[in-house]
Amino acid sequence: DTAVSQTPKYLVTQMGNDKSIKCEQNLGHDTMYWYKQDSKKFLKIMFSYNNKELIINETVPNRFSPKSPDKAHLNLHINSLELGDSAVYFCASRRAGYGYTFGSGTRLTVV
Amino acid sequence: EDKVVQSPLSLVVHEGDTVTLNCSYEVTNFRSLLWYKQEKKAPTFLFMLTSSGIEKKSGRLSSILDKKELSSILNITATQTGDSAIYLCAVVPGRWNSGGSNYKLTFGKGTLLTVNP
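The following paragraphs examine the structure supplied in this document. All values derive from a computational prediction rather than experimental measurement.

**What about the overall build of chain B?**
When helices and strands are counted, chain B shows zero helices and 11 strands. For chain B, the α and β elements follow one another from N to C terminus as β-β-β-β-β-β-β-β-β-β-β. Relative to the compact-globule value of 13 Å for 117 residues, chain B shows a C-alpha radius of gyration of 14 Å, a close match. Expressed along its principal axes, the backbone C-alpha trace of chain B runs to roughly 45 × 30 × 20 Å. Per-residue burial over chain B gives 47% buried out of 117 residues. Within chain B, residue pairs in contact and separated by at least 24 positions form 59% of the contacts whose partners lie at least 6 positions apart.

**A closer look at the sheet that holds strand 7 (residues 64-70) of chain A**
Residues and elements named next belong to chain A. With respect to topology, four strands assemble into an open sheet ordered 1-3-8-7, the strand pairing being antiparallel. Either end of the sheet is taken by a strand with one partner, and the two such strands are strand 1 (4-7) and strand 7. Strand-to-strand twist across the sheet, computed as the mean angle between neighbouring axes with direction ignored, equals 20°. One ladder, built from five bridges, connects strand 7 with strand 8 (residues 73-78); its direction is antiparallel. What sits directly across from Asp70, in strand 8, is His73.

**Things to note about the nonpolar core**
Residues Tyr25(B), Phe30(B), Leu33(B), Trp35(B), Tyr87(B), Val91(B) and Leu113(B) are the most contacted members of the largest nonpolar core, which totals 22 residues. Of all elements in the fold, only strand 3 (19-26), strand 4 (30-38), strand 5 (43-49), strand 7 (61-66), strand 8 (71-76), strand 9 (85-93) and strand 11 (111-116) of chain B reach the threshold of two or more residues within this core. The contact partners of Leu33(B), leaving out residues within four places of it in the chain, are Cys23(B), Tyr25(B), Phe47(B), Met48(B), Leu49(B), Leu65(B), Ser72(B), Cys89(B), Ala90(B) and Val91(B). Counting residues in hydrophobic clusters, the runner-up holds 21 residues, among them Tyr33(A), Ile56(A), Tyr100(A) and Tyr103(B).

**Details of the interface of chain A and chain B**
Contacts between the two partners involve 22 residues from chain A and, on the opposite side, 18 residues from chain B. Taken together, chain A and chain B are joined by zero salt bridges. Scanning the region where chain A abuts chain B turns up four residue pairs in polar contact (both at pLDDT 80 or more). Taken together, the residues of the side of chain A that touches chain B break down into 11 nonpolar, seven polar and four charged.

**Topic: the sheet that holds strand 1 (residues 3-7) of chain B**
All names here are of chain B. The strand order across the open sheet formed by five strands is 1-3-8-7-6, and the pairing between neighbours is antiparallel. Two strands in the sheet have a free side with no partner beyond their single neighbour: strand 1 and strand 6 (56-58). Looking at each pair of strands side by side, their axes are set apart by 15° on average, direction ignored. Bridging between strand 3 and strand 8 involves six bridges; their strand directions are antiparallel. Note on strand 8: the bridge partner recorded for Thr20 is Asn75.

**What about the state of the cysteines?**
Considering all chains together, one arrives at two disulfides over all chains under this definition. The side chain of Cys23(A) participates in a disulfide bridge whose partner is Cys91(A); the two sulfur atoms lie 1.9 Å from each other. Residues Cys23(A) and Cys91(A) are joined by a disulfide whose S-S torsion is about -80°; by sign, that bridge is left-handed. Pair noted here: Cys23(A) is in strand 3 (residues 19-25) and Cys91(A) is in strand 9 (residues 87-94), with a separation of 68 residues, a long-range link. Residue Cys23(A) shares its accessibility class with Cys91(A), and that shared class is buried. The disulfide partner of Cys23(B) is Cys89(B), and the gap between their sulfur atoms is 1.9 Å. What sets the handedness of the Cys23(B) and Cys89(B) disulfide is the S-S torsion sign, and at about -70° it is left-handed.

**Focus: the environment of Ile54(B)**
All names here are of chain B. By the element assignment, Ile54 lies in the loop between strand 5 and strand 6. With 10 residues separating them along the chain, Ile54 and Ile64 place their C-alpha atoms 6.0 Å apart. Those residues in contact with Ile54 that lie beyond four places of it in its chain are Leu49, Ser63 and Ile64.

Conventions used here
Residues numbered from 1 in each chain as written. Chains lettered and ligands numbered in written order. Predicted model: local features only at pLDDT ≥ 70, side-chain atom pairs only at ≥ 80, totals over all residues. Heavy atoms only, no water. Helix = DSSP H or I, 4+ residues; strand = E, 2+ residues; numbered from the N terminus. Rg over C-alpha atoms; globule rule 2.2 N^0.38 Å. Buried < 20%, exposed > 50% of the residue type's maximum accessible area, 1.4 Å probe, protein only. Contact = heavy atoms within 4.5 Å. Pairing = 2+ DSSP bridges. Axes fitted to C-alpha atoms, helices over the stretch in contact; angles between N-to-C directions. Core = buried A, V, L, I, M, F, W, Y, C linked by side-chain atoms within 4.5 Å. Salt bridge = Lys/Arg side-chain N within 4 Å of Asp/Glu carboxyl O. Polar contact = N/O pair within 3.5 Å; in protein donor to acceptor, adjacent residues only side chain to side chain. Nonpolar A, V, L, I, M, F, W, Y, C, P; charged D, E, K, R; others polar. Disulfide = S-S within 2.5 Å.

Functional significance is not addressed by these values, which are geometric in nature.
Structural data, given as structure tokens:
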């Protein structure tokens, strides 16, 4: 009964590849987010979608493209992966008036 | 740009000690401040603070917000090894009537707490 689930949990890939991370929430929340946590554990917002509409896009390279087919899903596609993209990517969701619920993260390693 | 600074960055204590973690912020139109605990995986929610001077408490953990000083503290009494984690502070900017759709968390870099037996 995972509330916010991300797949895969681990992803190791070579530079230049294209990869996707999927996120699904079964909480009925309206807003979903992608956060990036770097090697120093600093969490920074990347994107936010509200009811399938992009509302936050925080100076992220356009190699990163979020897609929300419905309000329960927010996927992250990354083109031409670079070494600096290695990080843990967290999906989160929120209902208005409440705090966030985070997924368990996807550890991306680019070699 | 919104900014959240946490101190100390890391802390090592013995079981039974009391610790105080600090968070200060600069944010446009402050809405709320949140504390999270992160062990190996996802950050888990601890507290949300919106009003100054009102302490929130959950077991051995408590937190309070000081809007005048633009800061918050998280206290943990009688620490246990299971309290070892990164404690993250985050603020939410914006106006209450914005509908919440831009409820963007700006995080500090966290405090790494290690509790030794």
